[in-house]
Amino acid sequence: MGEYIMKKIKGALVLTAFSVIVSGSLHATSGFAMETEEFQDISGHWAEEEIDWLFQEGWIEGVGNATYAPNNEVKRGDAALLLTRIDGGVNEEATTCELEDIEAEQYYSAAVCHAFSEGWIDGYPDGTYRPEEPLSREEMAAILHERFENELTEERFGTYLRDISEDNWSYDAIHALVASRVAEGYEAGTFQPDNEVSRAEWAAFVSRIFEEAFRIPQEGNSPANLANEGLVAFENNEVFVNPNGESLQKISLDGTMQQELLEGKNVEYINSVRDELYFINDGENVHRINKNGEQLETLYEGAVDQLYVDSEQLLIQTGEEVQRAKSDAPEQWEPIGSVSEGEEALLTTYDGEQLISTHIEEGIFVNELASGEKTHLSSLQAGMAFEDAGYVYVGNYNGELVRINPRSGEEESILTAGEGPMLPFNVYGEHLYFGQAATSLVSPGSPLYRLDREPGGEPEPEQITEESVSFAEHGIYVVYDPSLYTVIFDGVGEDYSFPVKRVTESGHFAPLLEEE
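Here, residues in each chain are numbered from 1, in the same order as that chain's written sequence. Selection of residues for local features in this predicted model requires a pLDDT of at least 70, selection of side-chain atom pairs for listing and counting requires 80 or more, and totals for whole chains, interfaces and linings are taken over all residues. The basis for the side-chain values is all heavy atoms of the structure; hydrogens and waters are excluded.

Draft legend 1. Spotlight on the sheet that holds strand β19 (residues 384–388). In short, DSSP must find at least two bridges between two strands for them to pair. The numbering of helices and of strands both runs from the N terminus, where a helix is a DSSP run of H or I of at least 4 residues and a strand a run of E of at least 2. The four strands lie next to each other as β19-β20-β21-β22, forming an open sheet whose pairing is antiparallel. Every other strand in the sheet has two partners, leaving β19 and β22 (411–415) as the edge strands with one partner each. Taken pair by pair, the neighbouring strands of this sheet meet at an average axis angle of 25°, ignoring direction. Axis definition: a line fit to C-alpha positions, over the contact stretch in the case of helices; interaxial angles, taken between N-to-C directions, run 0 to 180 degrees.

Encoded structure:
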């Protein structure tokens, strides 16, 4: 559908009048006046390609003197004008509408009135639109969601932003943009909805809606699943899993398709980034293969304790050393720091300067990589720990689960001893999933529970399965569709295999893959 819309809009562009941006604002002019010279102020800018693409489409222009001013704010009036430009222009004489502060002589009046009549934008309760005020990130999300809803997905894929609650008026719009890889949060797990939108950000968001190549890279390597030794990764509607200790398989979440991508390897720490899978084979070597099971490559040879990959880099821990390779040079590894003996680095916390690590007996530390200085963050004995949305979640064998803010060191208790969870546990979307405390990992086990991940949220854990299961040491993998409680997890079989199962609406476990 996206390709069809693009062709339709391009055809409309030739026939309609547009506006030229002057001194940071959009002012109406007749005809299609395109600058031919390149912008001189976007070279090397993070949004250079997106800005150039929109410029070539005729949807944005510069501010004069071959400049684009990418860091300037976008005003609410300009946002309406930009929307209607994409739509093919408006009747410039239709400059009156129900918004009290939109007057005929304003350069954006026709655009605001058109966008308002189409329902793409909305005014304030007092009947005003406030066109001169800067556009915020949540307002941008609401506008783009309303206008381009058919181009965005409504599926959540476990999206969690700790400053956007379900009762926020922009919740659906923001999550649709994030799930569609049009927008993303900040490193601390926030969206910062009140931040002003720059002209560069506007160009990036709009270009991602129409051009797949600009969208934020797909990554199915959740920190929680990697903390469970990464036997499962997921990407949209597909699960990549090692179900038997000796293969890599792809299974559709609706249970209708299974494909063996690789056999004869004990695949661990599966990372899914765009069209490729990265993994360790039985504690050794880093491999890469495409999602059709082709073009297997070895990127690192030697013992590897754990692996984390994102769109920019690959990180591994080998004993006490942490190494890094850039995505565009995945075979060129360099040491970036070290941790003490017996510590496990939380690789997803690496920011170029620091790395958080855990020790089963001594607690949690922050490692300054340049100096080697170590700060004791917490004395919690971490049986399992991972970083998610800017927090570190820690569980121990005493049934305690605590969330730590690594920036302040503040600890918040989510579950206390005696309430659960048995290790391991998982967070996904808005919730925490766990099995209650048991005497051993292969004992009779427990039902599966979920709890609001925010302390002080749901007062009691919600039991979501009727039957009990035994959880293997590798853990619970919650991957998709919490409304149906679809959960991928490891169950212990007689041969220590890991059947891939889901939780049905009635609270029972069923094989994910439908038997013929």
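Read on, since the account is not over.
Draft legend 2. Local environment of the sheet that holds strand β6 (residues 258–263). Taken in spatial order, the four strands make up an open sheet running β3-β4-β5-β6, and their pairing is antiparallel. Both outer strands of the open sheet, β3 (232–235) and β6, are each paired with one neighbouring strand and no more. Neighbour-to-neighbour, the strand axes of the sheet open up by a mean angle of 20°, direction not taken into account. Summarising the sheet, strand β5 (residues 247–252) and β6 pair through five bridges and their orientation is antiparallel. Bridging across to β6, Ser247 finds its partner in Glu263.

Draft legend 3. Up close: the packing of helix α3 (residues 76–86) against helix α5 (residues 137–147). Taken N-terminus to C-terminus, the directions of α3 and α5 make an angle of 20°; their axes are 12 Å apart at the nearest point. Compared by their axis directions, α3 and α5 come out roughly parallel. Our pair here, α3 against α5, has a crossing hand that is right-handed. For the pair α3 and α5, contact is made by Arg76, Ala79 and Leu83 and by Glu139, Ile143, Leu144 and Arg147, respectively. Looking at the contact of α3 with α5 residue by residue, the classes come out as four nonpolar, no polar and three charged. Oblique is the label for every angle not falling under 35 degrees (roughly parallel), over 145 degrees (roughly antiparallel), or within 65 to 115 degrees (roughly perpendicular). The crossing is said to be left-handed when, going from far helix to near helix, the turn is anticlockwise and less than a right angle, and right-handed when the turn is clockwise. By the convention used here, residues are in contact when the closest approach between their heavy atoms is within 4.5 Å. Classes in brief: Ala, Val, Leu, Ile, Met, Phe, Trp, Tyr, Cys and Pro nonpolar; Asp, Glu, Lys and Arg charged; the others, Gly included, polar.

Draft legend 4. Region of the structure containing the packing of aromatic side chains. The pairing test for Phe, Tyr and Trp rings, Trp by its six-membered ring, is centres within 6.5 Å, and the orientation test on the planes gives stacked under 30 degrees, edge-to-face over 60, and tilted for anything in between. Scanning all chains against the criterion turns up nine aromatic pairs. Their ring planes at 75° and their centres at 6.0 Å tell us that Trp53 and Phe214 sit as a pair that is edge-to-face. Highlighted residues: Trp53 in helix α2 (residues 48–57) and Phe214 in the loop between α7 (199–210) and α8 (223–227), separated in sequence by 161 residues. Partly exposed describes any residue whose relative accessible area lies between the buried limit of under 20% and the exposed limit of over 50%, with all areas from a 1.4 Å probe on protein chains only and scaled to the type maximum. The exposure class of Trp53 is buried, given its relative accessible area of 15%. The class for Phe214 is buried, based on a relative accessible area of 13%. Geometrically, the ring pair formed by Phe148 and Phe210 is edge-to-face, given 5.3 Å between the ring centres and 80° between the ring planes. Residue Phe148 is located in the loop between α5 and α6 (171–179), and its partner Phe210 is located in helix α7; the two are separated by 62 residues in the primary sequence. A residue is classified by how much of its surface remains accessible, and Phe148, at 4% relative accessible area, is buried. Connected via pairs of aromatic rings, a cluster forms that spans Trp53, Trp59, Phe148, Phe210 and Phe214. The lysine or arginine in question, Arg76, covers the ring of Tyr129, its NZ or CZ lying 4.2 Å from the ring centre. Sitting over a ring, as applied to charges here, requires NZ of Lys or CZ of Arg to be within 6 Å of the ring centre and within 35 degrees of the ring normal. Directly above the ring of Trp120 sits Arg147, whose terminal nitrogen or CZ lies 4.6 Å from the centroid.

Draft legend 5. Local environment of a negative patch on the surface. Put simply, a patch holds well-exposed residues, over 30% relative accessible area, that have no salt bridge, with like charges counted together within 9 Å and Val, Leu, Ile, Met, Phe, Trp or Tyr side chains within 5 Å. Note that accessible areas follow from Shrake-Rupley with a 1.4 Å probe, and for residues the cover is restricted to the protein chains shown. Salt bridges are defined as contacts in which a side-chain nitrogen from Lys or Arg sits within 4 Å of a carboxyl oxygen from Asp or Glu. Positive: Lys, Arg. Negative: Asp, Glu. His and the chain ends are not part of the count. All charge positions are set by atom: Lys at NZ, Arg at CZ, Asp at CG, Glu at CD. A cluster of acidic residues, Glu38, Glu48, Glu49 and Asp52, forms a negative patch at the surface. Along the chain, the position of Asp52 falls in helix α2.

Draft legend 6. Structural view of α2. Burial in α2 covers these residues: Glu50, Ile51, Trp53, Leu54, Phe55 and Glu57. At the C-terminal side of α2, Gly58 shows a positive phi close to 85°.

Draft legend 7. Main features of the confidence of the model for the chain. With 78% of its residues at a pLDDT of 70 or more, the chain has an overall mean of 78. Values of pLDDT, the confidence the predictor places in each residue, fall between 0 and 100. Of the regions scoring below 50 in pLDDT, residues 1–36 engages in 74 contacts with residues more than four places distant in sequence or in other chains. Between residues 438–442, whose pLDDT stays under 50, and residues either more than four places distant or in other chains, the model counts ten contacts.

Draft legend 8. Structural detail: the side chain of Asn281. In this fold, Asn281 is placed in strand β8 (residues 276–281). Asn281 sits in the buried class, given a relative accessible area of 18%. For Asn281, the side chain forms a polar contact with the main-chain nitrogen of Asn266, separated by 3.0 Å. Apart from the residues within four sequence positions on either side, Asn281 is in contact with Lys265, Asn266 and His287. Counted as a polar contact is a pair of N or O atoms within 3.5 Å, where, for protein atoms, one must be capable of donating a hydrogen and the other of accepting one, and residues adjacent in sequence contribute only when both atoms are in side chains.

Draft legend 9. Fine view of the state of the cysteines. Any two cysteine sulfur atoms lying within 2.5 Å of each other are counted as a disulfide. By the definition in use, this model includes one disulfide. Through a disulfide, Cys97 is tied to Cys113; the S-S separation comes to 2.4 Å. Sign of the S-S torsion, about -65° for the bond between Cys97 and Cys113, identifies this disulfide as left-handed. Remark: Cys113 occurs in helix α4 (residues 109–118) and Cys97 occurs in the loop between α3 and α4; sequence separation between them is 16 residues. Judged by relative accessible area, Cys113 falls into the buried class, the value being 6%.

Draft legend 10. Just the packing of α5 against α7, in detail. The contact between α5 and α7 brings their axes to 12 Å, and the two run at 25°. When the axis of α5 is compared with that of α7, the two are roughly parallel. Our pair here, α5 against α7, has a crossing hand that is right-handed. The segment α5 lies against α7, with Arg137, Met140 and Leu144 engaging Glu201, Trp202, Phe205, Val206 and Ile209. Among the residues making up the contact of α5 with α7, the classes are represented as six nonpolar, no polar and two charged.

Draft legend 11. Examining the pattern of salt bridges more closely. In total, this model carries ten salt bridges according to the counting rule given. In this structure, Arg137 and Glu201 form a salt bridge, with 3.9 Å as the shortest nitrogen-oxygen distance. Here Arg137, found in helix α5, pairs with Glu201, found in helix α7; they are 64 residues apart in sequence, far enough to count as distant. In this structure, Arg137 and Glu201 share a single accessibility class: buried. Taken together, the shared-partner salt bridges connect Glu276, Arg288 and Glu297 into one network.

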